[in-house]
Amino acid sequence: MANEEVAARLHRLKLVDEVIGEPLGGAHRDPLAMAESLKATLVQAVATLQAVPIDSLVAQRRRRIAGYGVFKET
C-alpha cells in the first residue's frame, strides 16, 4: 500500500487529524517547502486549539481515544 493510501486511510479512520501533502517528488527532494507547509499547518492548528477551552479539549480528546477500536459494520 502506498504512503498516500495509508495516510488517507488513517484520516478516514480519524486516527489522524489531517494529512499534509508533500511537495512534488517528496519531502526529501524539497525539505524547505515541506517545512514551510508543515509550519503553516501547525500554526493554524495551534491557533484553532487556543480558541477552545482546555476542559473542552480534554473532553474531546477523551472521547476520541475512547473511540479507538470501535467500529461499525457497513
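Below is a short write-up of the structure. By convention here, each chain's residues receive numbers from 1 onward along its written sequence. With pLDDT at 70 or above as the cut-off, local features in this predicted model cover only qualifying residues; side-chain atom pairs require 80 or more to be listed or tallied, and sums for whole chains, interfaces and linings still use all residues. Working from all heavy atoms in the structure, the side-chain values ignore hydrogens and water.

The next point concerns the overall build of the chain. Counting from the N terminus, the helices are the DSSP runs of H or I reaching at least four residues and the strands are the DSSP runs of E reaching at least two. Helices and strands together make up the secondary structure of the chain, namely three helices and zero strands. What you see in the chain, going N to C, is helices and strands ordered as α-α-α. Taking 2.2 N^0.38 as the reference for a compact globule, 74 residues should give roughly 11 Å; the C-alpha atoms of the chain span a radius of gyration of 16 Å, well beyond that estimate. With respect to the principal axes defined by its C-alpha atoms, the chain has extents near 40 × 35 × 15 Å. The buried share of the chain, taken over its 74 residues, is 7%. Here the chain has roughly 6,600 Å² of accessible surface; of this, 60% comes from carbon and sulfur atoms. Placing the 10 positive and 9 negative side-chain charges of the chain at their respective mean positions leaves the two points 8 Å apart. The atom set for the radius of gyration is the C-alpha atoms, and the globule formula is 2.2 Å times the number of residues raised to the power 0.38. The classification of residues rests on relative accessible area computed with a 1.4 Å probe and restricted to protein chains. Under 20% of the type maximum is buried, over 50% is exposed, and intermediate values are partly exposed. Under the convention used here, a 1.4 Å probe and the Shrake-Rupley method define accessible areas, while residue burial counts only the protein chains that appear. In this count, Lys and Arg are taken as positive residues and Asp and Glu as negative ones, while His and the chain termini are left out. Positions of charges follow a simple convention, taking NZ of Lys, CZ of Arg, CG of Asp or CD of Glu.

On to a nonpolar patch on the surface. Excluding any residue in a salt bridge, patches collect residues exceeding 30% relative accessible area, merging like charges within 9 Å and nonpolar Val, Leu, Ile, Met, Phe, Trp and Tyr side chains within 5 Å. Salt bridges are defined as contacts in which a side-chain nitrogen from Lys or Arg sits within 4 Å of a carboxyl oxygen from Asp or Glu. The grouping of Met1, Val6, Leu10, Leu13, Leu15, Ile65 and Tyr68 at the surface amounts to a nonpolar patch, some 640 Å² of accessible area in total. The residue Val6 is located in helix 1 (residues 3-12) in this model. Since its relative accessible area comes to 33%, Val6 is described here as partly exposed.

The next point concerns the pattern of salt bridges. Evaluated as defined, the whole model comprises one salt bridge. Residues Asp17 and Arg64 are paired through a salt bridge, measuring 2.2 Å at the closest nitrogen-oxygen approach. Residue Asp17 is found in the loop between helix 1 and helix 2 (31-50), and its partner Arg64 is found in helix 3 (residues 54-66); the two are separated by 47 residues along the sequence. According to the relative accessible area criterion, Arg64 is partly exposed, its value standing at 21%.

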